[in-house]
Amino acid sequence: MYSYTDLQTFIDNLNIDVGQTYRGDCPSCAGRNTFTCTNDQGNFIYNCYKNTCRIAGTKHVNMEAFTIRTLLNHNQNATDYDYDDVFNEHWNPPSFVTKTFNEKLISSYVQKYGIDKTDILYDLRDDRIVFPIYVRGSLVDGVGRSVDNKQPKWLRYASSPVPYTKGNGKVGVLVEDAISAYVVNKKFSGVTGIAILGTQLTDFHKWYIPQIVDTLIVSLDPDARPKEIDIKIEMSQYISDTFALNASDDLKYANEEDITELGGIINEFTRAQFS
């Protein structure tokens with residue numbers, strides 16, 4: 001059973017945005033999909049619905065300055081943001097290194113997805129591979145992925161609103177997780193993989209993504225198909241050339257049919273740009 005301190009750490013690591021709810025296995029009783037935690041403007045309300053589990057309560061967390069500014073100006077248009085909201089050149093966690101002692105486990109994981117070790121960092125404190133997030137060449141955040149079944153699987157470090165991106169091409173492929181974004185860029189070097197780290201499209205995303213790409217292909221996991229269409233429609237207001245790819249599987253698995261179809265869409269957009 002989790003101690004109170006362990007439970008608070010688990011909740012901290014969920015990285016739930018304001019207004020969002022996490023649902024998953026209970027960290028205390030291991031009940032399958034019985035634990036929920038909602039971020040109500042910095043108050044994390046948590047509860048396990050299993051009859052024999054007594055886990056429930058509220059944890060207050062100080063909100064990031066960016067989140068507070070967004071809540072105070074909730075009618076803000078997607079064009080009203082500024083790089084000052086996201087730029088932090090001094091962010092440099094001491095636990096982030098370029099090599100890890102857990103080399104065997106890490107090597108097995110990165111080989112599975114063809115990840116170049118020079119493209120990632122390692123969090124020695126929490127034993128995760130870290131996909132670094134940059135703005136104008138400076139590290140502003142990172143998203144860590146456990147490789148040994150530690151929960152949560154994904155951990156956002158600095159609560160920056162910036163999505164993880166890989167590449168600098170003007171054709172972008174919007175996906176859910178950092179590995180998919182990485183794989184997309186690896187398969188198509190002139191394409192920018194963009195991971196919004198979930199299925200929640202924020203106003204910041206609507207402002208930021210058009211700053212880096214002028215063509216967008218949205219491809220979420222098959223079980224998020226309705227959300228994929230919603231995002232495609234929303235992003236079409238900011239990027240006219242926006243398309244939805246109904247992939248048969250998560251793009252990180254590089255299903256041959258999905259990669260072929262994605263390549264066809266990319267080539268079509270590329271030809272149109274130079275015709």
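Scoring rules and cut-offs
Residues numbered from 1 in each chain as written. Predicted model: local features only at pLDDT ≥ 70, side-chain atom pairs only at ≥ 80, totals over all residues. Heavy atoms only, no water. 1 Å grid on protein atoms, 1.4 Å probe; cavity = no way out; pocket = protein on both sides within 12 Å on 5 of 7 lines; lining within 4 Å. Points joined across faces, edges and corners; volume = space filled by probe spheres on them. Helix = DSSP H or I, 4+ residues; strand = E, 2+ residues; numbered from the N terminus. Nonpolar A, V, L, I, M, F, W, Y, C, P; charged D, E, K, R; others polar. Pairing = 2+ DSSP bridges. Axes fitted to C-alpha atoms, helices over the stretch in contact; angles between N-to-C directions. Buried < 20%, exposed > 50% of the residue type's maximum accessible area, 1.4 Å probe, protein only. Contact = heavy atoms within 4.5 Å. Salt bridge = Lys/Arg side-chain N within 4 Å of Asp/Glu carboxyl O. Disulfide = S-S within 2.5 Å.

**Q** If you had to explain the layout of surface pockets to someone new, which residues and values would you point to?
**A** Taken as a whole, the second largest pocket encloses approximately 330 Å³ of empty space. Of all the secondary-structure elements, those providing two or more residues to the lining of the second largest pocket are β7 (128-135), β10 (164-166) and α5 (203-212). The leading source of residues in the lining of the second largest pocket is β7, at four residues. Looking at the lining of the second largest pocket, its residues break down into eight nonpolar, seven polar and three charged.

**Q** So what about the sheet that holds strand β2 (residues 35-40)? Which residues, and what values?
**A** Hydrogen bonding along the main chain pairs the strands of a sheet, whether they run parallel or antiparallel. Spatially, the four strands line up as an open sheet ordered β1-β2-β3-β4, and their pairing is antiparallel. Two strands in the sheet have a free side with no partner beyond their single neighbour: β1 (21-24) and β4 (56-60). The average undirected angle you get between the axes of adjacent strands in this sheet is 15°. Pairing of β2 with strand β3 (residues 43-48) involves six bridges; the strand directions are antiparallel. Directly across from F35, in β3, lies its bridge partner C48.

**Q** Lay out unusual backbone geometry in plain terms, naming residues and giving numbers.
**A** Apart from glycine, the bulk of residues carry a negative phi angle, and the bulk of peptide bonds sit in the trans form. Even without being a glycine, N33 presents a positive backbone phi close to 60°. Inspection of the secondary structure puts N33 in the loop between β1 and β2. Unlike most non-glycine residues, D127 shows phi in positive territory, near 55°. Note on placement: D127 falls in the loop between β6 (121-123) and β7.

**Q** I'd like a description of helix α3 (residues 103-113), backed by residues and values.
**A** Those residues of α3 not exposed but buried are I106, S107, Y109, V110 and Y113. Each element contacted by the buried residues of α3 is listed here: β6, β7, β8 (138-146) and α4 (178-187). Positive phi appears at G114, one or two residues downstream of α3, with a value of about 70°.

**Q** Tell me what's going on with the pattern of salt bridges, and back it up with residues and numbers.
**A** Applying the stated rule across the entire model yields seven salt bridges. Of the charged contacts, one joins K252 and D177 as a salt bridge, the two residues approaching to 3.3 Å between their closest N and O atoms. One end of the pair, K252, is in the loop between β14 (241-244) and α7 (256-274); the other, D177, is in the loop between β11 (171-175) and α4, and 75 residues separate them in sequence. This pair shows no difference in class: K252 is buried, exactly as D177 is. A salt bridge links E234 to K206, with the shortest nitrogen-to-oxygen separation between them at 2.8 Å. A residue pair is termed long-range when its members are at least 10 positions apart, and E234 in helix α6 (residues 225-235) and K206 in helix α5 qualify at 28 residues.

**Q** Any details on the environment of S95? Residues and values, ideally.
**A** Relative to the helices and strands, S95 resides in the loop between α2 (65-72) and β5 (96-97). Counting along the chain gives 27 residues from S95 to Y122, while the straight-line C-alpha distance between them is 7.8 Å. Setting aside residues up to four positions removed in sequence, S95 forms contacts with Y122, D123, L124 and R125.

**Q** Help me get a handle on α4, residues and values and all.
**A** Among the ten residues that make up α4, eight are buried, leaving the element largely enclosed by the rest of the structure. For α4, the full list of buried residues reads A178, I179, S180, A181, Y182, V183, V184 and N185.

**Q** Give a description of the state of the cysteines that names residues and reports values.
**A** Counted according to the given criterion, the structure contains zero disulfides. C26 takes part in no disulfide bond, and the closest cysteine sulfur to it belongs to C29, at a distance of 3.7 Å.

**Q** Go over the sheet that holds β11, please, and point to the residues and values.
**A** Spatially, five strands are ordered β10-β12-β11-β13-β14 in an open sheet, and the strand pairing comes out mixed. Where the open sheet ends on each side, the last strands, each with one partner, are β10 and β14. Across the sheet, the axes of successive neighbouring strands diverge by a mean angle of 20°, strand direction being ignored.

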